[in-house]
Each structure stands twice: as structure tokens, then as C-alpha cells.
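Listed below, chain by chain, are the residues.
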Amino acid sequence: MTSTSTPRAGFRIVGVSGSPSDPSRTSTLVAATVARLAEEFDDAVTEQVEVNRLLPDLGASPVREAMAPATRAALEAVETADVLVVGSPAFRAAYSGAFKLFFDWVGQYALVDTPVLLTATGGSDRHALLVEHQMRPLFGFFQSTTLPIGVFGNERDFTKRAGGYDLAGLDLELRIDQAVRRSLPIIRGGLVAAADLRADEIRRPAEF
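Residues numbered from 1 in each chain as written. Predicted model: local features only at pLDDT ≥ 70, side-chain atom pairs only at ≥ 80, totals over all residues. Heavy atoms only, no water.

1. As for the nonpolar core
Working step 1: Counting 31 residues, the largest nonpolar core has Val 49, Val 78, Val 86, Phe 102, Phe 103, Met 135 and Phe 139 as the members making the most contacts within it.
Working step 2: Mapped onto this core, the elements with two or more residues apiece are strand 2 (11–17), helix 3 (69–79), strand 4 (83–89), helix 4 (97–104), strand 5 (115–122) and helix 5 (130–141).
Working step 3: Among the elements that make up this core, the one with the highest residue count is helix 5 (five residues).
Working step 4: Leave out the neighbours within four places in its chain, and Met 135 touches Val 86, Gly 87, Ser 88, Tyr 95, Phe 99, Leu 118, Thr 119, Ala 120 and Leu 130.
Working step 5: Val 34, Val 85, Leu 172 and Ile 187 belong to the second-largest nonpolar core, a separate cluster that totals 22 residues. (Core = buried A, V, L, I, M, F, W, Y, C linked by side-chain atoms within 4.5 Å. Buried < 20%, exposed > 50% of the residue type's maximum accessible area, 1.4 Å probe, protein only. Helix = DSSP H or I, 4+ residues; strand = E, 2+ residues; numbered from the N terminus. Contact = heavy atoms within 4.5 Å.)

In C-alpha cells, the structure reads:
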């Protein structure tokens, strides 16, 4: 897991790249989306989980307690996030096995009501429906709040550089921006509702 900020306080945005490759277009897309979303919150704290670095642990550990500290920390970061940005490359018209393996270890009720912005990458636009037909149902199982617009990037949307990829042009940046802007009312509405609930619990007398 890589982290752009170490404090645990603040509005926590966690990205998850389910690519088994490094470098990865998916990681680039997730990171760009996390960064754009973080611009909207003054106290944003961002982290990005690279699932490919955790695969030996995720695949071999019989129980979560037997995993390395870094793997457990990655799972806990996802389970306690205020917002998730998740991404996977397309494999046989579905998300990667690495992506699924990671979320197999996430607590079944840990993501209830957590806003999740979905992203994916693929070789061509034929894979774009991966977001709607595969990823959205997975987070429906978790009872998460999947945000309205997903972001898909094909190979033309990225340029290769030494050690990684960059976004190739304005088109993908605009799609990311649209997805973030459409998400903000839902995310902020959830924050207000959560604050009201906490205030109500404080005011309510203890029941015996």
C-alpha cells in the first residue's frame, strides 16, 4: 500500500487498484480520480492500495490474522474509508481475479453506505460495460452507495513513460471531472446525514 498522507484524521479517500501489473493504466486512472476528488475537500487524506503487491498474502493466508501487517492495514484502510475509488482492468469481460481476491477479504458489512466511485480500463471501448455489469453488482452485495457515473479508460487514453503511464489527454480528464462532480451531492449529503445521526445519538438519553 502506498500512502500520500500518513495522518488518520480528515476526510479519507482510499483508492484500490486491482491490476496484477506494475506499472498499470488502472493504477494511473485510480490515482488521477482520487486526486481530483481530493480537490473538493479541504481536509482530504488520500491512500492508494496496489493489490498486486499483496497477492502472495491474499492468496496464501488461511485467516486474516495470519496476513502481514501491510496487507491487514490495506484491508482496514478500505473498510474505514469515507469514500472509495476502485479500479480494475478488464479480463474476459470481468474484473481481474486480483481485484476479486482482495474484496473477498473485506468484511461483508464493512462497506455499508460507503460511497464507491467505480473505474476500469481495457484494450477497447467494448469493455466499458464492465463497470455497470460486473463492478456495480459486486458493491451492491456490500450494500455500498455506488456513485452515479463510472470512469472507463481504453489504451488510447494513456501514454507510456519510463516507470509508468500518464493520462493522454483532456478527454479522460473530463470524464473523471464529470464523475466527481456528479458524486459530490451524494457524498456531501451522506456526510450531513451521518453528522445528524451522531448528533441525535448524543441528544438521545441512554435507554436501560
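There's plenty left to go through after this.
2. Some details on the side chain of Ser 96
Working step 1: Mapped onto the elements of the fold, Ser 96 is located in the loop between strand 4 and helix 4.
Working step 2: Residue classification places Ser 96 among the buried positions, given a relative accessible area of 2%.
Working step 3: The contact partners of Ser 96, leaving out residues within four places of it in the chain, are Gly 18, Pro 20, Ser 88, Pro 89 and Phe 91.

3. Re the packing of aromatic side chains
Working step 1: Within this structure, the stated rule accounts for nine aromatic pairs.
Working step 2: Ring centres 6.3 Å apart and planes at 70 degrees place the aromatic pair Phe 99 and Phe 139 in the edge-to-face group. Within this pair, whereas Phe 99 is found in helix 4, its partner Phe 139 is found in helix 5, the two being separated by 40 residues in sequence.
Working step 3: Aromatic rings pair up to connect Tyr 95, Phe 99, Phe 102, Phe 103, Phe 139, Phe 141 and Phe 142 into one cluster.
Working step 4: Over the face of the ring belonging to Tyr 165 we find Lys 160, whose NZ or CZ atom lies 5.4 Å from the ring centre. (Phe/Tyr/Trp six-rings, centres within 6.5 Å; stacked < 30°, edge-to-face > 60°. Lys NZ or Arg CZ within 6 Å of the ring centre and 35° of its normal.)

4. A closer look at the pairing of strand 2
Working step 1: Of all seven residues that make up strand 2, seven are buried, and the element is covered over most of its length.
Working step 2: Burial of the side chains of strand 2 extends over both faces: Phe 11, Ile 13, Gly 15 and Ser 17 are buried on one face and Arg 12, Val 14 and Val 16 on the other.
Working step 3: Strand direction decides the pairing type here: strand 2 and strand 3 (residues 44–50), joined by seven bridges, are parallel. Note that in strand 3 the partner of Ser 17 across the bridge is Glu 50.
Working step 4: Handedness of the crossover is the feature at issue here: the chain leaves strand 2, passes through helix 1 (residues 25–38), returns alongside strand 3, and the resulting connection is right-handed. (Pairing = 2+ DSSP bridges. Right-handed = clockwise from strand over helix to strand, strands pointing away.)

5. Quick word on unusual backbone geometry
Working step 1: With an omega of 5 degrees, the peptide bond running from Asp 22 to Pro 23 counts as cis.
Working step 2: Within the secondary structure, Pro 23 is located in the loop between strand 2 and helix 1.
Working step 3: Here Ala 93, not a glycine, exhibits a phi torsion of approximately 65 degrees, which is positive.
Working step 4: Assignment of secondary structure puts Ala 93 in the loop between strand 4 and helix 4.
Working step 5: Phi angles above zero are rare outside glycine, and Asp 113 is one such case at about 70 degrees.
Working step 6: Following the sequence through the fold, Asp 113 ends up in the loop between helix 4 and strand 5.

6. Some thoughts on the pattern of salt bridges
Two side chains carrying opposite charge are able to pair once their charged atoms lie near each other.
Working step 1: Per the stated rule, a full pass over the model turns up 13 salt bridges.
Working step 2: Linking Glu 79 and Arg 64 is a salt bridge whose minimum nitrogen-to-oxygen distance equals 2.7 Å. Separated by 15 residues along the polypeptide, Glu 79 in helix 3 and Arg 64 in the loop between helix 2 (55–60) and helix 3 bring together distant segments of the chain.
Working step 3: Look at Glu 79 and you get buried, because its relative accessible area is 18%.
Working step 4: The salt bridge involving Asp 157 is made with Arg 175; its shortest N-O contact spans 2.9 Å. Of the two residues, Asp 157 sits in the loop between strand 7 (151–154) and strand 8 (158–161) while Arg 175 sits in helix 6 (residues 170–203), which places them 18 residues apart along the sequence.
Working step 5: The partly exposed category is assigned to Arg 175, whose relative accessible area is 25%. (Salt bridge = Lys/Arg side-chain N within 4 Å of Asp/Glu carboxyl O.)

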